Amino acid sequence: MGAARRALSAAALTAVAALVLAPVLAGLAVTLAMSAGHLPALGLSGPDAGPWLRLGAQPGLAQAVALTLWTGGAAAALSLALAFAAAPALHGSRAARLLAPLIGAPHAALAVGFAFLVAPWGWLARLFSPWATGWDVPPDWPTVNDPLGLALIAGLVLKEAPFLTFVLLAALAQRPVARDLAAARALGYGPRAAWRLAVLPACWPAVRLPVMIVLAYALSAVDPALILGPTLPPTLPVLTLRWFAAGETAMVLPGAAAAVAQALLVAAAILGFLGAERLWRARLAAQAARGDRGRPGRPGRGAALVVALPAAGAFAALALWSVAGRWPFPAALPATWSAEAWGGGQGLWRAAAATAGIGALSVALALALAILWLQLAGPLARAAEAAMALPLIVPPTAFAFGLAVALLRIGLDPGWPAVVAGHLAFVFPYVLIVLAGPWRAFDPALLRAAAAVGAGPVRRLAAVRLPVMLRPLCTAAAVGFAVSASQYLPTLTLGGGRVRTLTTEAVALASGGDRRVAAAFGLLAAALPVAVYLTAQALPGAVWRNRRALRGSP
Amino acid sequence: MRAVFALAALLALAAPATAGDWEDTLAAARGQTVWWHAWGGDPRTNAFIAEVAAEVQAAYGVQLEHVRLSDTAEAVNRVLAERAAGRDAGGAVDLIWINGPNFAAMKAAGLLHCGFVAQLPNARFVDLGPGAAAATDFTLPTEGCESPWRLARFVLFHDPARVADPPSSMAALADWAAANPGRLTHPDAANFMGATFLKQALVELAPDRDVLALPPTDAAWAVATAPLWDWYDRLRPNLWRAGRQFPENETALIQMLGDGAVDFAMAFDPAAAANAVIRGVLPDTVRTVAFPGGTLGNVSFVAIPYNASARAGAMVVANHLLDPAVQARAQDIRVLGAYSVLDPARLDAPARAAFDALPGHPALPTLDALGPTLPEPHPGWMTRLAEEWARRVAR
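Residues numbered from 1 in each chain as written. Chains lettered and ligands numbered in written order. Predicted model: local features only at pLDDT ≥ 70, side-chain atom pairs only at ≥ 80, totals over all residues.

Caption draft 1: Quick look at the overall build of chain B. Each helix and strand in chain B was counted, giving 14 helices and 11 strands. Relative to the 2.2 N^0.38 estimate, which gives 21 Å for 395 residues, the radius of gyration of chain B is 21 Å and therefore close to what a compact globule would have. Seen along its three principal axes, the alpha-carbon backbone of chain B occupies a region of about 65 × 50 × 30 Å. Here chain B, with 395 residues, has 53% of them falling under the buried criterion. Across chain B, the fraction of contacts at a sequence separation of at least 24, relative to all contacts at a separation of at least 6, is 81%. (Helix = DSSP H or I, 4+ residues; strand = E, 2+ residues; numbered from the N terminus. Rg over C-alpha atoms; globule rule 2.2 N^0.38 Å. Buried ≥ 20, exposed ≤ 12 C-beta atoms within 10 Å, placed from the backbone. Contact = placed C-beta atoms within 7 Å.)

In structure tokens:
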């Protein structure tokens, strides 16, 4: 590769990175400036410790921070433990495909469904009342919005454990699992210990970044916390949202300080995770060195069921409520049925169209940029790829509000374009992660053969590489769409209230809307990405039905 | 540029509306998109706004977009932020469903386009005389800065199958809660419904109601709210979840009544109970409680921010909302049940007949049955009530 080409490729990569990261970095910078008392629009210029002092004086702040660390940390740890427990049983099994709805559904949709399942008035209580419980009114139990955040932890785990399981299964697919297991078993290790000591640690490098993403998400999530989390006080991200949205201008600067504190919290948690990782490695090494063969017994499917059953119940509860007419407590089924929630009066189909449109646009942009990125990629790009995961680690509260202020400053209206640009920051890293592996594993002989018959670089890409890579491209598009459809805070702040997606509406309706309407929004929010995913899985087979080698393994 | 606008507004205020002016407004409005920022917590109101959007599109070529708010303060802040950023034209908000403290704040900060109500042809059906309900918002004169569109009344409702003899005053409600702990709650006071519940108690319990018409001074606040907090301290331990958790808004509370989790729900709309019965959220035995001492009432308005992008379109929508046929349909309990702001004396016979012919509903009280309308306190009281409540509850 010539120096000129290297310089060109570096410049192009920088441009892509800047385009994708610009919203996050600009938002972060404005938030930082505001937290230091700097907001020229209001005639304030920092630095000034006032916002931090006022933040410190807020009632319930310490409790909110403690709750955030507890719920986020517990949810991430539990998700990881469940994923490790479930992966051995699901490895090589078709049951793993059932993970798709859980991975595709937005957090908010799953959280609404979980609330509809376990709330005191929820489906679970109805199924067992009054015959088993004696309840003819809902019990006065805080099963959602509980002060300890247990419902929030459960809601996060329902979504994150399947995600980590999926990542783990993908990593396992790249490993000689049977050989490693056989070797460990031959040395006398029980099946569980063989997985724990020989197979799973080898997958760890592929799981580390996703675990950090899960940890960052669980600490910073706004939408599940709004739906399932504690209320007096709520977690820090919800408190931050309240200060920004409730709108007293006096709380904007302390809100920015809270957003920065949130970012510091995530950074501290990731450092904690890295520390825990070292301890865990040392323990594994010690167990191996001791020659501890572990207890006998096969890995079971219990862990998978712990997640799958409540999730199935959540979707069933949403489906029932969305077609309910009157549904008095404690009836297990609606007394009358109604399709009204699925009508147009509440904007369901408009929100679905907006979700689909924004998703399609951000995915198309992300795919184009990712292909450009990989096409130009040298060794340089691999290091830069890690940096592109930044938007997945930085808390949304830490940049979304700052970004809204920045947009207003430069005279850009909130609306579709701003929302698509914001979504791109989240969609791009996922698309890149999905595409990078298959791209680099691509058989270069095909490209050489095309070059030999005179195809130029553009034709080699368009006529050879992309068609052959149809399956990973479809998977990347489906994953990207799910990511876009699940965005809550960026859509809310960058859309300025004008852009309503299924997710933003489901969250708004969850705690204070008509249950039937909320259920219809939640269910459709979950169904849309899953439908896109199923289509993406079926598409390569349909397009290449007469090209057996191109169909890829489904 | 702003000076020109201000001058134009002054001239408009001075000169009586003429048909020619309105023709100009209609012409300017055609093709405009009006972003109406309005509370989105009631499905039937949302559906009504969607109908209105279809009508103004068909009749005037105005595209109406409903931006659903969970709190009207969001729109106020948006306009505030725009002014802070120096965007004095081309703002994102064209029309706001507003009243009370939000109106007071916007009017005081000069964030509203004032004097437009007199230009609306349908304003002739409304009593806008000095002190009239439709020209007064929480004791403040509206001065043409907002146009009325529906009436609001505080109502409490219950299921007589569960509570045969409901309390008929806020004081009696605390006694009832003491006898039935855990069966009553109210929305979070950060929500307007929760704040209104406290305000109803304030008005009933205040030693001297007249001071409530003025901004709260520290001295007046201490005297007027002392009985309220005594009452609330007695009530709170007997609330649902011992007053440590509150439903987010009235919609959530109404659903709790439907589940039987509590025995009362409340709304700021006399038709709310009937609406919930029709939608199947409440059993059809539910009735509205009569308060012989009266309940708080006010008028809901629409206002146009000073920097609205589609001022003419917003005026067309405000005018359409005052159309006697639209008002009669809004008051129809099968549609919305929102009581009209029009003055019956100003309507012609067919229009009056349309209102008289509207059907009733067992859960829909007549305005007479609701007792006297208690006037809203000055907006300062509501703001301070919500803050003080948050302070007390966070402890």
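Caption draft 2: Layout of the overall build of chain A. From N to C terminus, chain A includes 24 helices and zero strands. Its C-alpha atoms put chain A at 70 × 65 × 55 Å along the principal axes. Sorting the 554 residues of chain A into buried and exposed places 50% on the buried side. Long-range pairs, those at least 24 residues apart, make up 79% of the contacts in chain A with a sequence separation of at least 6.

Caption draft 3: Examining the sheet that holds strand β9 (residues 287-288) of chain B more closely. Residue and element names in this part refer to chain B. With respect to topology, three strands assemble into an open sheet ordered β8-β7-β9, the strand pairing being antiparallel. Each edge of the open sheet carries a strand with a single partner, namely β8 (264-267) and β9. Pairing between strand β7 (residues 155-158) and β9: two bridges, direction antiparallel. In the strand pairing of β9, His-158 is matched with Arg-287. (Pairing = 2+ DSSP bridges.)

Caption draft 4: Local environment of the environment of A:Arg498. Considering the arrangement of structural elements, one finds A:Arg498 in the loop between α22 (489-495) and α23 (502-512). Overall, the presence of 18 C-beta atoms within 10 Å leaves A:Arg498 in the partly exposed class. In the structure, A:Arg498 is positioned 413 residues away from A:Ala85 in sequence and 44 Å away in space, judged by C-alpha atoms. Here A:Arg498 is in contact with A:Pro414, A:Gly415, B:Trp35 and B:Val67, once residues within four sequence places are set aside.

Caption draft 5: Summary view of the domain arrangement of chain B. Residue and element names in this part refer to chain B. Taken domain by domain, chain B comprises domain 1 (2-151 + 299-364) and domain 2 (153-297 + 370-394). Each of domain 1 and domain 2 has a C-alpha centre, and the two are 28 Å apart. Taken together, the contact pairs 16 residues of domain 1 with 21 residues of domain 2. Residues that form the side of domain 1 that touches domain 2 fall into these classes: 10 nonpolar, five polar and one charged. (Domains from an automatic or database assignment. Nonpolar A, V, L, I, M, F, W, Y, C, P; charged D, E, K, R; others polar.)

Caption draft 6: Representation of the interface of chain B and chain A within the structure. Each partner contributes residues to the interface: chain B has 37 residues there, and chain A has 38 residues. Mapped by element, the contributors of at least two residues to the side of chain B that touches chain A are β1 (33-39), α3 (43-60), α4 (73-84), α9 (250-259) and α14 (379-394) of chain B. A per-element tally of the side of chain B that touches chain A places α4(B) first, with eight residues. For the side of chain B that touches chain A, the per-class residue count stands at 18 nonpolar, 13 polar and six charged.

Caption draft 7: Highlighting helix α5 (residues 107-118) of chain A. Residue and element names in this part refer to chain A. Taking 1.5 Å of rise per residue, 12 residues should cover 16 Å, and α5 covers 16 Å from first to last C-alpha, within 8% of that figure. The buried fraction of α5 amounts to 12 of the 12 residues, a majority that puts the element mostly inside the structure. Along α5, the positions that sit buried rather than exposed are His-107, Ala-108, Ala-109, Leu-110, Ala-111, Val-112, Gly-113, Phe-114, Ala-115, Phe-116, Leu-117 and Val-118. (Expected span 1.5 Å × (residues − 1).)

Caption draft 8: Inspection of the domain arrangement of chain A at higher detail. All names here are of chain A. Domain annotation of chain A identifies domain 1 (1-29 + 345-544) and domain 2 (49-311). If you average the C-alpha positions of domain 1 and of domain 2, the two centres end up 24 Å apart. Domain 1 puts 28 residues into the contact, and the matching count from domain 2 is 34 residues. Counting only elements with at least two residues in the side of domain 1 that touches domain 2, the list comes to α16 (390-393), α17 (396-409), α21 (470-486), α23 and α24 (515-543). Take the side of domain 1 that touches domain 2: its biggest share by element is eight residues, from α24. Residue composition of the side of domain 1 that touches domain 2, grouped by class: 22 nonpolar, six polar and no charged.

Caption draft 9: The arrangement of the packing of helix α13 (residues 302-322) of chain A against α24(A) in detail. Residues and elements named next belong to chain A. Where α13 meets α24, the closest approach of the two axes is 7 Å, and the angle between their N-to-C directions is 130°. Overall, the two elements α13 and α24 adopt an arrangement that is oblique. Both α13 and α24 take part in a crossing whose hand is left-handed. From α13, Phe-315, Leu-318, Ala-319, Trp-321 and Ser-322 reach across to α24, where they touch Arg-515, Arg-516, Ala-519, Ala-520, Gly-522, Leu-523 and Ala-526. (Axes fitted to C-alpha atoms, helices over the stretch in contact; angles between N-to-C directions. Parallel < 35°, antiparallel > 145°, perpendicular 65-115°, else oblique. Left-handed = near helix turned anticlockwise from the far one by under 90°.)

Caption draft 10: A look at the pairing of β7(B). All names here are of chain B. Side chains of β7 alternate between two faces, with Val-155 and Phe-157 and Leu-156 and His-158 buried alike. The pairing of β7 with β8 spans four bridges and is classified as antiparallel. Opposite Phe-157, over in β8, you have Ala-265 as the bridge partner.

Caption draft 11: Quick look at the environment of A:Trp416. Residues and elements named next belong to chain A. In this structure, Trp-416 sits in helix α18 (residues 416-440). On the basis of neighbour counts, which here come to 16 C-beta atoms within 10 Å, the residue Trp-416 falls in the partly exposed class. For the pair Trp-416 and Ile-358, spaced 58 residues apart in sequence, the C-alpha separation works out to 7.4 Å. With residues near it in sequence (within four places) discarded, Trp-416 still touches Ile-358 and Val-499.

Caption draft 12: Local environment of the nonpolar core. Among the nonpolar cores identified, the biggest contains 313 residues, and A:Val112, A:Ala115, A:Phe116, A:Phe428, A:Val431, A:Ala506 and B:Val317 are the most heavily contacted of them. Once you skip the residues sitting within four places of it in the chain, A:Val112 turns out to touch A:Ile227, A:Leu318, A:Ala506, A:Ala510, A:Ala518 and A:Gly522. (Core = buried A, V, L, I, M, F, W, Y, C linked by C-beta atoms within 7 Å.)

Caption draft 13: Local environment of unusual backbone geometry. A cis amide bond, omega -10°, links A:Ser129 with the succeeding residue A:Pro130. By the element assignment, A:Pro130 lies in the loop between α6 (123-127) and α7 (150-173). Backbone torsion omega between A:Phe329 and A:Pro330 reads 0°, so that peptide bond is classified as cis. The topology assignment puts A:Pro330 in the loop between α13 and α14 (348-376). Phi is positive for B:Thr139, close to 75°, though the residue is something other than glycine. With respect to the helices and strands, the residue B:Thr139 is situated in the loop between β4 (136-137) and β5 (140-141). A positive phi angle is found at B:Glu143, which is not glycine, with a value near 50°. Note on placement: B:Glu143 falls in the loop between β5 and β6 (146-153). B:Glu143 gets classed as partly exposed once you count the C-beta atoms within 10 Å, which come to 14.

Caption draft 14: Just the pairing of strand β3 (residues 95-98) of chain B, in detail. Residue and element names in this part refer to chain B. Alternating positions in β3 separate into two faces, Leu-95 and Trp-97 on one and Ile-96 and Ile-98 on the other, with burial throughout. Pairing of β1 with β3 involves two bridges; the strand directions are parallel. The residue of β3 that forms the bridge with His-37 is Ile-96. The pairing of β3 with strand β10 (residues 295-303) spans three bridges and is classified as antiparallel. Along β10, the bridge assignment pairs Trp-97 with Val-302.

Caption draft 15: Representation of the confidence of the model for chain B in the model. All names here are of chain B. Summing up the model confidence of chain B, the mean pLDDT is 90 and the portion of residues at 70 or higher is 95%. Least confident of the elements in chain B is helix α1 (residues 2-14), whose mean pLDDT is 40; most confident is helix α11 (residues 311-321), at 97. This stretch, residues 1-16, has a pLDDT under 50; its non-local contacts, to residues over four places away or in other chains, come to eight contacts. Predicted complex metrics record ipTM = 0.82 and pTM = 0.88. (pLDDT = per-residue confidence, 0-100.)

Caption draft 16: Looking closely at the confidence of the model for chain A. Looking at chain A as a whole, the pLDDT averages 88, with 96% of positions reaching at least 70. When mean pLDDT is taken per element in chain A, α5(A) scores highest with 95 and helix α15 (residues 379-387) of chain A scores lowest with 74.

Caption draft 17: Broad picture of the packing of α5(A) against α7(A). Residue and element names in this part refer to chain A. The interhelical angle for the contact between α5 and α7, taken along N-to-C directions, is 130°, at an axis separation of 9 Å. Between α5 and α7, the interaxial angle falls into the category oblique. The hand of the α5/α7 crossing is right-handed. Within the contact between the two elements, α5 uses His-107, Leu-110, Ala-111, Phe-114 and Val-118 and α7 uses Ala-151, Ala-154, Gly-155, Leu-158 and Lys-159. Of the residues that constitute the contact of α5 with α7, the class distribution is seven nonpolar, two polar and one charged.

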